[in-house]
Amino acid sequence: MAFRRIDVDAFDDDRVEESDLYDAYPYSPQESASLAKRKERDIRALLQKGDYTSSLVTVLNEPPYGPEHADAKTTSLACILLILSQVRSTEIAKTIKTLSPEQQDTLMKYLYKGMSEPEDSSSGGAMYGAGAPVGNIIPGNSCAVLLSWHEKLTEIAGTGCIVRVMSDHRRV
C-alpha cells in the first residue's frame, strides 16, 4: 500500500510546471501590486476626462500573469469592470476596434475572468459605486455588461479570439 503514496509525477521529465507555460512577470508581487494601483489612479483620471479608450489600453498593456500576483490581478479586474461599465453600449464597437489584436485577446481574458467571479445579487451593485468590485465579488449588473462586451468583441475579433484565449495557459 505504500506505493500509492508515491508521487509518480515527480519522476516524469516531461512534466509541465505552471511557471513553464509563460514568461516570468518582470516584477515582484509587491511591485506588481504597486504598479496596478498606479494604473488604477491613472485610469480613474482618464475616466474623469471621458477617455475610455486610453484607460482601457492602459490596463490591457502588461497584464500581470502568475499565481503570486493575485493583488495586481484583482486590481486590474476591478479597473476593467469600472471602464467597461462606463462605456455606452453604442460606443463599445468603436472602442474595441481601436485595440490591437493582442489587447483584444487580453480583454477577452478579462471578460472570462469577470464572468467566472461570483456575482453579488443582493445589492445589484448599488453599494460598490461606479461598478467597481469589492474583493472577489462583482456587482450584480456586471454580467450583463460583460456579456454585451463579449458579443461585440466576438463580432469584431472573431471566434479566433476565443480559441486563442482558451488555449493560452496564461491567466489574468
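It should be noted that the structure appears before, not after, this text.
Residues numbered from 1 in each chain as written. Predicted model: local features only at pLDDT ≥ 70, side-chain atom pairs only at ≥ 80, totals over all residues. Heavy atoms only, no water.

Here we come to the pattern of salt bridges. In the structure shown here, the tally under the stated rule is seven salt bridges. Between Asp168 and Arg170 there is a salt bridge, with the nearest N and O atoms lying 3.0 Å from each other. Judged by its relative accessible area of 17%, Asp168 falls in the buried class. Linked through salt bridges whose partners overlap, the residues forming this network are Lys37, Glu40 and Arg44. (Salt bridge = Lys/Arg side-chain N within 4 Å of Asp/Glu carboxyl O. Buried < 20%, exposed > 50% of the residue type's maximum accessible area, 1.4 Å probe, protein only.)

Contact geometry for helix 1 (residues 29-49) and helix 2 (residues 52-60): axes closest at 8 Å, N-to-C directions at 170 degrees. Taken together, the axes of helix 1 and helix 2 lie roughly antiparallel to each other. Residues Lys39, Ile43, Leu46 and Leu47 of helix 1 touch helix 2, and the partners they reach there are Tyr52, Ser54, Ser55, Thr58 and Val59. For the contact of helix 1 with helix 2, a count of residues per class yields five nonpolar, three polar and one charged. (Axes fitted to C-alpha atoms, helices over the stretch in contact; angles between N-to-C directions. Helix = DSSP H or I, 4+ residues; strand = E, 2+ residues; numbered from the N terminus. Parallel < 35°, antiparallel > 145°, perpendicular 65-115°, else oblique. Contact = heavy atoms within 4.5 Å. Nonpolar A, V, L, I, M, F, W, Y, C, P; charged D, E, K, R; others polar.)

Bringing unusual backbone geometry into the picture now. Excluding glycine, residues mostly carry a negative phi; peptide bonds, for their part, are mostly trans. Even without a glycine there, the phi angle at Glu62 is positive, about 55 degrees. Counting through the fold element by element, Glu62 comes out in the loop between helix 2 and helix 3 (70-86).

This part covers a nonpolar patch on the surface. Among the surface-exposed residues, Ile6, Val8 and Phe11 lie close enough to one another that they form a single nonpolar patch of about 350 Å² accessible area. Take Val8: it is sitting in the segment before helix 1. Given the relative accessible area of 59%, Val8 is considered exposed. (Patch = residues over 30% accessible without salt bridge, like charges linked within 9 Å, V, L, I, M, F, W, Y side chains within 5 Å. Areas by Shrake-Rupley, 256 points an atom, 1.4 Å probe, with all protein chains shown as cover.)

Another aspect to go through is the nonpolar core. Generally speaking, soluble globular proteins have nonpolar side chains that are buried together. In terms of nonpolar packing, the biggest core is built from 29 residues, with Leu56, Val59, Leu60, Leu84, Leu107, Leu111 and Trp149 touching the most fellow members. Elements that contribute at least two residues to this core include exactly helix 1, helix 2, helix 3, helix 4 (92-97), helix 5 (101-116), helix 6 (142-157) and helix 7 (159-167). When residues in this core are grouped by element, the largest group, seven residues, is from helix 3. In this structure Leu107 touches Leu56, Leu60, Leu84, Ile96, Leu99, Trp149 and Leu153, once residues within four positions along its chain are discounted. (Core = buried A, V, L, I, M, F, W, Y, C linked by side-chain atoms within 4.5 Å.)

In a regular helix each residue adds 1.5 Å, so 16 residues correspond to 22 Å; helix 6 covers 22 Å between its end C-alpha atoms and thus fits that length. Every buried residue of helix 6 is accounted for by Ser142, Cys143, Leu146, Trp149, His150, Leu153, Thr154 and Ala157. The buried residues of helix 6 all sit within an arc of 135 degrees when viewed along its axis, so they share a single face. Among the exposed residues of helix 6, those oriented more than 90 degrees off its buried face are Ala144, Leu147 and Glu155. At the exit of helix 6 stands Gly158, carrying a positive phi of roughly 85 degrees. (Expected span 1.5 Å × (residues − 1). Arc of directions from axis to C-beta.)

Let's shift gears to the side chain of Thr106. Note that Thr106 resides in helix 5. By relative accessible area, Thr106 is classed as buried at 9%. Beyond its immediate stretch of four places on either side in the chain, Thr106 contacts Leu60, Pro63 and Tyr65.

With respect to the element layout, Gln104 can be found in helix 5. Of the polar contacts made by the side chain of Gln104, one reaches the backbone oxygen of Leu99; its length is 3.5 Å. (Polar contact = N/O pair within 3.5 Å; in protein donor to acceptor, adjacent residues only side chain to side chain.)

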